[in-house]
Each structure stands twice: as structure tokens, then as C-alpha cells.
Amino acid sequence: MGFILNMEQMDTFLDSLKEKYLIFAPKRFINGGNFSDTDCIRYDLINTADEIEFDEKSKYSFKEAIMPISQTLFYFTESITTTPEMSNKKILIFLRNCDLHAVDSLDKIYLVNGFPDHYYKKLRNATEFVVMGCDKPFENCFCVSMDTNKSEDYSLSIDKDIDKYKITSKEDSFTKVFQDMKVEESDVKPKFVLSNDITVNIPTDLDNTVSKSKMWDEYDTRCIACGRCNFVCPTCTCFTMQDIFYSENGKVGERRRIWASCMVDGYTNIAGGHQFRVNKGQRMRFKIMHKVLNFRKTFGKNMCVGCGRCDDSCPEYISFSNAINKLDSAMKEVATHE
């Protein structure tokens, strides 16, 4: 069903959810950007509708709401271990269509790939999503090429039209709240973009032989291995483990998992000091092939959703979409030398 709410009604709706939900949405942090007098848009808990940023793309994704940057897995003493208590509230996340497709990629890694991850599953089962419509494509987005510009697996959709909020509800619990509030009912259609300024073409014959191409060599000097592209990506899932000790004997403390990046130094270190993918080009190759080939082989879809945040954040102006578009000529190069 569709509903149209004014600002006051929208705030009333959010207030009605706070007892049961932690509500996350893209939020503007004034002067919180990389440079002086620049803002940063990232996900945080919100209380009122005017805190939700509709007009600009968030620099960071929704991911940390259901996959925390640093997460305690358990506490330990010499004889016992205990898991941390989790909030009894559900989670409601406002996100774009591409990011909702990213949720599906996270689900496949953490819930389908081998065995379900207990910690992710608990948060994921408590989470519902509100899709935010896009009036226009944002810079560096290529969601249409990745077929992630539209989605259906949401509880609510929302579009802001000046001082009105146009909402569709697929959940009876939310629909009842709107009806009890006696807000205006209307035939509302969620917005989504039909084209982007950037398009990508993944070769239909793409396979792992492209790893022999010389296209990867340029990234040896261009990439500085900062890992920003991974940390802003809504589909990157890698983490490392860290033990925090509370006492000198090292037998009391906690174990955490913390986001990691396949692009940074030390990620592939193993016992004995050996390191895989030392060169930056090798790391770039690994990342791209995982996002547009190997994940698709396993799960039948691309991992990359075309949000463009990696391009937005790279200090060396390395474009992921450009790298994808080089794969066709790279495949031809490899075929020529075989």
C-alpha cells in the first residue's frame, strides 16, 4: 500500500518505531569530511526525518550496521568463555537499491557459503530495510550495468518530494501504523534510475586466463594499498582476528573480529613469513576477479553492485569501472599470446 506523509507525520512514525527498532540511515556530519569545511555522509542512528540525507550518496555503506567494524565474538577467562549480550531491539536500515542488492551478496557469503555465521545471522535476522529512491544517478555510479538499480525485497520504500514523504509498505505491521495514524493513502511507485553516466561491459567470455594480462601492471605503481576501496564497499566481507588481554598473564580478555582489506600490506601473511600477492597489481586483479567473475561462478550474480564508492574514495583516482571495461581488451591480449 502507498502513503503520503508530511514531516510531522514522518517524525511521528519514526517515534513509534524507536521502542522496537534501532534506526540507521545516511546522515550528514557537518565538517566531518576529509578536508576543512567539507561534510561527510555516513550511516548512523537517526531520531528525526530531517536527519536522513536523501540528496547525496553516502561515502560509506550501510554495512557496519549489520557487520560492525570491530565486533567482540566472546570474552574469556582461564576456564570459561561467554558471548556478549546483544540488543533486543530490531534494526531498520534506510538504503539505496544497489545497497539492498549488496545485502544479498553479504548473505551469500555469511549465510550460504559453507555454514551460517552465528554473529552475522543474529543481526541479519533482526534487520528490515527501507529502500530510498534515486531521483538521479550519482557520480561514479554504474548500477544499471550491474542490474542493481531496482529491487523488490524490502519492507518499505521511501521517496522525498520537497516536504512530503511517499512511502510504500509491504509489511502489515508498518501498514497498520500508517492506517492508525490516518495518513493519506495513495498509489505510490518507488523511484529508481534507468541510466547512469557510466556504463560497464563485462566480457561474456571472461575467465581466469585474464590474470596473465599486462593490464594489472599499471596498478603496481598507481595503487598505494590504503584499502579505502574495500572499507567503503558494501560487499567486501574480509576480516582479521584480534585478542585483547585485560591482564598481564594473558588469560583474561576478549576476541574481536575487525574489518580487513585484501588491498593492504600484510593481509596475506602466513606462518613462516611468506606473503601472497605482494604486488599491488596482483591485489587489484584478485579484487576485480572476485567481484565480477569468481563470485558469479559460485552464486550466479556479480558481487559488485555498481555503487561507485570505491571510485569516490580512491586517493589515486583509480576507477573500478574503468578497470572492468579494460577486461575485454585484456582477454584479447591474452588470447593473442596463447
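Refer to the preceding data block for the structure.
Residues numbered from 1 in each chain as written. Predicted model: local features only at pLDDT ≥ 70, side-chain atom pairs only at ≥ 80, totals over all residues. Heavy atoms only, no water.

Peer 1: Mind laying out the pattern of salt bridges, listing which residues take part and the relevant values?
Peer 2: Following the criterion strictly, the structure yields 24 salt bridges and no others. Asp104 is the salt-bridge partner of Lys301, the closest N and O atoms lying 2.9 Å from each other. Placement of the pair is Lys301 in the loop between α7 (280-299) and α8 (309-313) and Asp104 in helix α2 (residues 97-112), with a sequence separation of 197 residues. Given a relative accessible area of 27%, Asp104 falls into the partly exposed group. As a salt-bridge pair, Asp161 and Lys166 come within 3.4 Å of each other at their nearest N and O atoms. By relative accessible area, Asp161 is classed as partly exposed at 32%. What makes Lys166 partly exposed here is its relative accessible area of 29%. Each of Arg28, Asp39, Glu53 and Glu56 takes part in a single network of salt bridges with overlapping partners. (Salt bridge = Lys/Arg side-chain N within 4 Å of Asp/Glu carboxyl O. Helix = DSSP H or I, 4+ residues; strand = E, 2+ residues; numbered from the N terminus. Buried < 20%, exposed > 50% of the residue type's maximum accessible area, 1.4 Å probe, protein only.)

Peer 1: Go over the nonpolar core with me, naming the residues and quoting the values.
Peer 2: Counting 32 residues, the largest nonpolar core has Phe62, Ile93 and Leu95 as its most contacted members. At the level of secondary structure, the elements contributing two or more residues to this core comprise β6 (90-96), α2, α3 (118-125), β7 (127-132) and α7. Top element by residues in this core is α2. It accounts for seven residues. The residues touching Leu95, leaving out its near neighbours within four places in the chain, are Tyr43, Phe62, Leu100, Val103, Phe129, Val130, Val131 and Met132. Judged by nonpolar contacts, the second largest core, of 28 residues, contains Leu206, Cys262, Leu327 and Ala330. (Core = buried A, V, L, I, M, F, W, Y, C linked by side-chain atoms within 4.5 Å. Contact = heavy atoms within 4.5 Å.)

Peer 1: Residues and numbers for the environment of Asp205, please.
Peer 2: Topologically, Asp205 is positioned in the loop between β10 (184-185) and α5 (218-222). In sequence terms Asp205 and Asp328 are 123 residues apart; their C-alpha atoms lie 8.7 Å from each other.

Peer 1: Tell me about the environment of Asn201, and name the residues and values.
Peer 2: Tracing the backbone shows Asn201 in the loop between β10 and α5. Put simply, Asn201 and Ser145 are 56 residues apart on the chain and 7.4 Å apart in space, counted from C-alpha to C-alpha. Not counting residues within four places of it along the chain, the set of residues in contact with Asn201 comprises Ile324 and Asn325.

Peer 1: Which residues make up the packing of aromatic side chains, and what values go with them?
Peer 2: Scanning the model with the defined rule gives nine aromatic pairs in all. For the ring pair Phe13 and Phe174, a centre distance of 6.2 Å and an interplane angle of 70° mean the geometry is edge-to-face. Here Phe13, found in helix α1 (residues 7-17), pairs with Phe174, found in helix α4 (residues 172-181); they are 161 residues apart in sequence, far enough to count as distant. Here the two residues Phe13 and Phe174 agree in accessibility, since each one is buried. Taken together, a centroid distance of 4.7 Å and an interplanar angle of 45° make the contact between Phe295 and Phe299 tilted. Here Phe295 and its partner Phe299 are both found in helix α7, four residues apart, which amounts to about one turn of the helix. By the burial criterion, Phe295 is buried, and Phe299 matches it. Taken together, the ring pairs in this structure connect Phe3, Phe13, Tyr21, Phe174 and Phe178 into an aromatic cluster. (Phe/Tyr/Trp six-rings, centres within 6.5 Å; stacked < 30°, edge-to-face > 60°.)

Taken by themselves, the reported measurements are silent on function.
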